[in-house]
Amino acid sequence: MYLLGIDIGSSSVKVSLLLIDSGTAAGSASYPKSEMAILSPKTGWAEQDPDMWWQCLKKAWAELKSATKVKKGQIKAIGISYQMHGLVCVDKAGQVLRPSIIWCDSRAVGIGEKAFKEIGEKKCLETLLNSPANFTASKLRWVRENEPKIYDKIHKIMLPGDYIAYKMTGEITTTVSGLSEGMFWDYQEKDISRKLLKYYDIDARLLPPIVDTFAVQCELNEIAASELGLEKGLEITYRAGDQPNNAFSLNVLNKGEIAATAGTSGVIYGVMDKPEYDKKSRVNTFVHVNHTKKNPRYGVLLCVNGTGIFNSWLRNSLLNKAYDYTALNTMAAKIKPGSEGLKVYPFGNGAERTLQNVELGASLQGINFNVHQPSHMARAVQESIAFGLQYGLSIMKNMGMEINTVRAGESNMFLSPVFREIFANVTGASIELYNTDGAQGAARGAGIGSGEYSNFKQAYKGLKKIKTILPKKDLAKIYRDLYSEWEYHLKKQL
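In this text, all values refer to a predicted model and were calculated from it rather than measured experimentally.

Sorry if this is basic, but what is going on with the overall build of the protein here?
Helix and strand counts for the protein stand at 17 helices and 21 strands. Its C-alpha radius of gyration of 22 Å places the protein within 12% of the 23 Å reference for a compact globule of 494 residues. Here the protein, with 494 residues, has 60% of them falling under the buried criterion. Here the analysis covers contacts within the protein between residues at least 6 apart in sequence; of these, 73% occur between residues at least 24 apart.

What follows is the structure, given as structure tokens:
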């Protein structure tokens, strides 16, 4: 018997089957094989068609079903992970009214900053644990201000994972963790943030009903069951944003445990048992997936928007696909730390929270036409991504979080030995790599929500640590010195 995990990313949709008894992956597939389009009608905008996620899900699942020969009656439950902070608006008929405004869109930054000042920074931080910034609530206010005819037609808003659950079941629901990531949750009242909704003049009835993260949330309807070749009534029993889910997939559930991922964006996600916040809202606090009233858990999230997408831009645009990623990693390994003076700043994918929502743009400094080759650029990009994450980690440390061990899946940027070396030595943390990903994490979550696993320990029986990278004293000094110089020039740009 199996559990099905679905991961709705901004680059692709991935699906995985997990064997319930062993907790090991039976197979996975993703679609598209390249990268999903992100529409940018104006500078700073980022949109995707929600139906594209659905079509990609169907194609990825068809591939996996064919490869594994799984029968529909063998799947016991479904879990969903999804790109955070996106806004999907539907009318009473359930039709999407406009493209989704996704996580890296910057159009609502000014709206959120104005709310932060006018509601009061102290009040926002005490109740929301964050500035409203360009999160989902601010994006919805942007629609209200700039597209009033569309806003008037909205019946419900959803996050990307809510939308996929809706397409599968016909039911519109969300979770407390999801509401917290959209700035719709008041941590003092432990309820929907009426204060922010009142300030934005948004009707609370636009928000979906709440379901538990680990529970029977909804059931596959006849239409979706037919399209997917699954049983009608199959239950969705877990749903979470990609970063809380990535942490969950790595068994990061308790105070002091830390997860990392470096896909399109780079994220460090640490768990605390108290609702702490950064006074400048440069890192963000949300409700973690295993949060309960008795045992509260909060996830502190640091995000650098331009990580994997920067490496992708280097390969696809600057180097015209002349090298694959393995070749880029090999090239980078041949260059000494520091890239012979080439400095790169990876902030070219929208407003950066760690920079207080400044849209700095990516930049290259110190290029020498007689020295620097593609191999120098390959290393410099990976150095800059690790340095960008270290810049945010210093903020998390100031909140009281110790950074000793970081867990990650062996995927995306963590496939690169060069990136792993830089990251371990500039942060001073050991890196533990595991045989998992977001889709497998969603499947494990489905196992808990459905009762197939009676506790978290059972859900992780197939999770294996496959590699540990330790910082080395000599390299740590080199990278810390390089980082100090990089940080100095970054602050001059700000």
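Got a minute to help me understand the sheet that holds strand E5 (residues 75-82) in this structure?
Hydrogen bonds between backbone atoms are what pair the strands of a sheet, whose relative direction is either parallel or antiparallel. Taken together, 6 strands build an open sheet; the order of strands is E3-E2-E1-E5-E12-E11 and the sheet is mixed. The sheet is open, and its two edges are formed by strand E3 (25-31) and strand E11 (214-219), each paired on a single side. Sheet twist, expressed as the average angle between the axes of neighbouring strands with direction ignored, equals 25 degrees. Where strand E1 (residues 2-8) meets E5, 7 bridges bridge the pair, whose relative direction is parallel. The residue of E5 that forms the bridge with Ile6 is Ile80.

What is the right way to read the packing of aromatic side chains from this model?
Enumeration according to the criterion identifies 21 aromatic pairs in this entry. Summarising the aromatic geometry, the rings of Phe214 and Tyr238 are spaced 5.2 Å apart at their centres and angled 35 degrees between planes, so their arrangement reads as tilted. On the criterion of sequence distance, the pair formed by Phe214 in strand E11 and Tyr238 in strand E12 (residues 235-241) is long-range, its members being 24 residues apart. Centroid distance Phe387 to Trp486: 5.7 Å. Interplanar angle 65 degrees. Geometry classified as edge-to-face. With a gap of 99 residues between them, Phe387 in helix H13 (residues 374-398) and Trp486 in helix H17 (residues 473-493) connect regions that are remote in the sequence. For the pair Phe387 and Trp486, one class covers both residues: buried. By way of ring pairs, the aromatic residues Phe214, Tyr238, Phe248, Phe456 and Tyr460 are connected into one cluster. The lysine or arginine in question, Arg107, covers the ring of Trp45, its NZ or CZ lying 3.7 Å from the ring centre. The ring centre of Trp142 lies 4.6 Å from the NZ or CZ of Arg107, which sits over that ring.

What is the right way to read the sheet that holds strand E15 (residues 284-287) from this model?
Taken together, 7 strands build an open sheet; the order of strands is E15-E16-E14-E13-E19-E20-E21 and the sheet is mixed. If you trace the sheet from one side to the other, it starts and ends with E15 and strand E21 (465-469), each paired once. Strand-to-strand twist across the sheet, computed as the mean angle between neighbouring axes with direction ignored, equals 25 degrees. By the bridge criterion, 5 bridges tie strand E19 (residues 405-409) to strand E20 (residues 430-434) in an arrangement that is parallel. Counterpart to Gly409 in the pairing with E20 is Tyr434. This element, H13, spans strand E14 (266-272) and strand E16 (298-304) of the sheet and lies at about 150 degrees to E16. On the sheet, helix H14 (residues 417-427) packs against strand E13 (258-262), E14, E19, E20 and E21 and is oriented at approximately 140 degrees with respect to E20.

Sorry if this is basic, but what is going on with helix H12 (residues 325-333) here?
Every α-helix carries 3.6 residues per turn, so stepping three or four residues along brings you back to the same face. Listed in full, the buried residues belonging to H12 are Leu328, Asn329, Met331 and Ala332. Down the axis of H12, the buried side of the element spans an arc of 160 degrees, and every buried residue falls inside it. Here the buried face of H12 lies against helix H11 (308-318), H13 and H14. Among the residues of H12, the N-terminal cap falls to Asp324, whose side-chain oxygen and the backbone nitrogen of Thr326 are separated by 3.3 Å.

I tried to follow the pattern of salt bridges on my own but got confused; where do I start?
If the charged atoms of two oppositely charged side chains come close together, the side chains can form a pair. Summed over all chains, the structure comprises 22 salt bridges. For Glu145, the salt bridge is made with Arg141, and the minimal N-O distance between the two is 2.9 Å. Of this pair, Glu145 and Arg141 both sit in helix H4 (residues 136-146), 4 residues apart, which is roughly one turn of that helix. By relative accessible area, Arg141 is classed as buried at 18%. Salt bridges linked by common partners bring Glu47, Arg98, Asp105, Arg107 and Glu147 together as one network.

Looking at this structure, how should I read the environment of Leu97?
On the secondary structure map, Leu97 appears in the loop between strand E6 (88-90) and strand E7 (100-101). Sequence-wise, Leu97 and Ile154 are 57 residues apart; in three dimensions their C-alpha atoms are separated by 7.5 Å. Residue contacts for Leu97: discarding those within four places in its chain leaves Cys89, Val90, Asp91, Ile150, Lys153 and Ile154.

Even after reading the chapter, I still don't get unusual backbone geometry, so can you show me in this structure?
With the exception of glycine, most residues fall at negative phi, and the peptide bonds are largely trans. Residues Tyr31 and Pro32 are joined by a peptide bond in cis, for which omega reads 0 degrees. Note that Pro32 resides in the loop between E3 and strand E4 (47-48). Unusually for a residue other than glycine, Asn251 sits at a positive phi of about 60 degrees. Counting through the fold element by element, Asn251 comes out in the loop between helix H10 (242-249) and E13. Owing to a relative accessible area of 28%, Asn251 belongs among the partly exposed residues under this scheme. Here Asn357, not a glycine, exhibits a phi torsion of approximately 65 degrees, which is positive. Among the residues examined, Asn357 registers a relative accessible area of 14% and is labelled buried.

Explain helix H2 (residues 109-119) here, please?
Those residues of H2 lying buried are Val109, Ile111, Gly112, Ala115 and Phe116. One side of H2 carries all its buried residues, which in axial view fall inside an arc of 165 degrees. Within H2, the exposed residues directed more than 90 degrees away from the buried face are Lys117 and Glu118. Looking at the packing, one finds that the buried side of H2 touches helix H3 (121-127), H4 and helix H8 (194-200). With its phi angle positive at about 115 degrees, Gly120 sits one or two positions after the end of H2.

Looking at this model, I keep getting lost on the state of the cysteines. Mind explaining?
Linking two cysteines covalently through their sulfur atoms gives a disulfide. Counted under the stated rule, the structure contains 0 disulfides. Unpaired in terms of disulfides, Cys89 finds its nearest cysteine sulfur in Cys104, a separation of 17 Å. A residue is classified by how much of its surface remains accessible, and Cys89, at 0% relative accessible area, is buried.

Scoring rules and cut-offs
- Residues numbered from 1 in each chain as written.
- Predicted model: local features only at pLDDT ≥ 70, side-chain atom pairs only at ≥ 80, totals over all residues.
- Heavy atoms only, no water.
- Helix = DSSP H or I, 4+ residues; strand = E, 2+ residues; numbered from the N terminus.
- Rg over C-alpha atoms; globule rule 2.2 N^0.38 Å.
- Buried < 20%, exposed > 50% of the residue type's maximum accessible area, 1.4 Å probe, protein only.
- Contact = heavy atoms within 4.5 Å.
- Pairing = 2+ DSSP bridges.
- Axes fitted to C-alpha atoms, helices over the stretch in contact; angles between N-to-C directions.
- Phe/Tyr/Trp six-rings, centres within 6.5 Å; stacked < 30°, edge-to-face > 60°.
- Lys NZ or Arg CZ within 6 Å of the ring centre and 35° of its normal.
- Arc of directions from axis to C-beta.
- Polar contact = N/O pair within 3.5 Å; in protein donor to acceptor, adjacent residues only side chain to side chain.
- Salt bridge = Lys/Arg side-chain N within 4 Å of Asp/Glu carboxyl O.
- Disulfide = S-S within 2.5 Å.

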